[in-house]
Amino acid sequence: MEERGLVLIVEDEPTISELERLYLGGAGFGVHVETDGRKALDAVVRLRPTAIVLDIGLPGLDGIEVCRILRGRGDWTPVVFVTARDDEVDRIVGLELGADDYVTKPFSPRELVARVRGLVRRASGAIAGDVTTLGPVSVDSARRRVEVDGRRIDLTATEFDLLAHLASQPGRVFTREQLLSSVWGVADYSSSRTVDVHVAQLRLKLGEAAGAIRTVRGVGYSAADDG
Ligand code: CA
């Protein structure tokens, strides 16, 4: 089976981590499990995982703290959060942690595998193309770099893919369903809030250039074609 890289699972409930290990392992990923936040931080440094499946409710240092510390170190390893409640999703977004994706318990293990796969594929595969400019924003698809007025900004893999997809056809309006399908590779339209969450994160990072992404009410989003 194709080697897809190592996934670090951080989960304190053995029944859940075993299920995650089973399915991610079955999908061809190497898997390493840690049961608390501090050990997880050490494991990230030691093992350099391709992606992290991070439970929020952990003893001691919780998943949100773990992600905050990683991002603070400039580590943008893709993270799929495992949340137990909707209000945890709001916390992730509010803190601008660069959560690339999340699943809410109870989740289907197949869905988790699909999310991890999508994340790894997007993080590793460069999109061929030139540099697109949207007013002060430049999107370099080959180098996966975004600059605002010449200043580089750090985006998660998903945020980058979302922006690059919108920027691939400035002015064109994409529905949430189209974006879910193209950027996330999922056809689960009940999760369209995921799109809104990531657009909100992206706009925060774009700062004064947030207008580069327009909301088309009742339809979806587009990249501004006139800056
Ligand atoms: Ca837990």
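The structure we're discussing is the one just above.
Okay, so let's go over this structure.

Quick notes on the rules
- Residues numbered from 1 in each chain as written.
- Predicted model: local features only at pLDDT ≥ 70, side-chain atom pairs only at ≥ 80, totals over all residues.
- Heavy atoms only, no water.
- Core = buried A, V, L, I, M, F, W, Y, C linked by side-chain atoms within 4.5 Å.
- Buried < 20%, exposed > 50% of the residue type's maximum accessible area, 1.4 Å probe, protein only.
- Helix = DSSP H or I, 4+ residues; strand = E, 2+ residues; numbered from the N terminus.
- Contact = heavy atoms within 4.5 Å.
- Axes fitted to C-alpha atoms, helices over the stretch in contact; angles between N-to-C directions.
- Parallel < 35°, antiparallel > 145°, perpendicular 65-115°, else oblique.
- Left-handed = near helix turned anticlockwise from the far one by under 90°.
- Arc of directions from axis to C-beta.
- Polar contact = N/O pair within 3.5 Å; in protein donor to acceptor, adjacent residues only side chain to side chain.

Counting residues in hydrophobic clusters, the biggest one holds 28 residues, and the most contacted among them are V137 and L163. Where this core is concerned, the elements lending two or more residues are β7 (137-140), β8 (145-148), α6 (157-167), α7 (176-184), α8 (193-206) and β12 (220-223). Sorting elements by how many residues they give to this core places α6 first, with six residues. For L163, the residues in contact, after removing those within four places along its chain, are L134, V137, V139, V146, L155, L202 and I213. Membership of the second largest hydrophobic core comes to 20 residues, among which are L8, L54, I56 and L58.

With respect to the element layout, R121 can be found in helix α5 (residues 109-124). Considered as a pair, R121 and A157 are 36 residues apart in the sequence and their alpha carbons are 9.7 Å apart.

Our focus in this paragraph is the packing of helix α2 (residues 37-47) against helix α3 (residues 63-72). The contact between α2 and α3 brings their axes to 9 Å, and the two run at 30°. Put simply, α2 runs roughly parallel to α3. Where α2 crosses over α3, the two elements pack in a sense that is right-handed. On α3, the residues that touch G37, L41 and V44 of α2 are V66, I69 and L70.

The next point concerns α2. Here α2 has its buried residues at G37, A40, L41, A43 and V44. One side of α2 carries all its buried residues, which in axial view fall inside an arc of 160°. Opposite its buried face, α2 presents the exposed residues R38, V45 and R46, each directed more than 90 degrees away. Tucked inside the fold, the buried residues of α2 contact β1 (6-10), β2 (30-34), β3 (51-55) and α3. A side-chain oxygen of the first residue of α2 lies 2.9 Å from the backbone nitrogen of R38; this N-cap is D36. Just downstream of α2 lies R48, where phi reads positive at about 45°.

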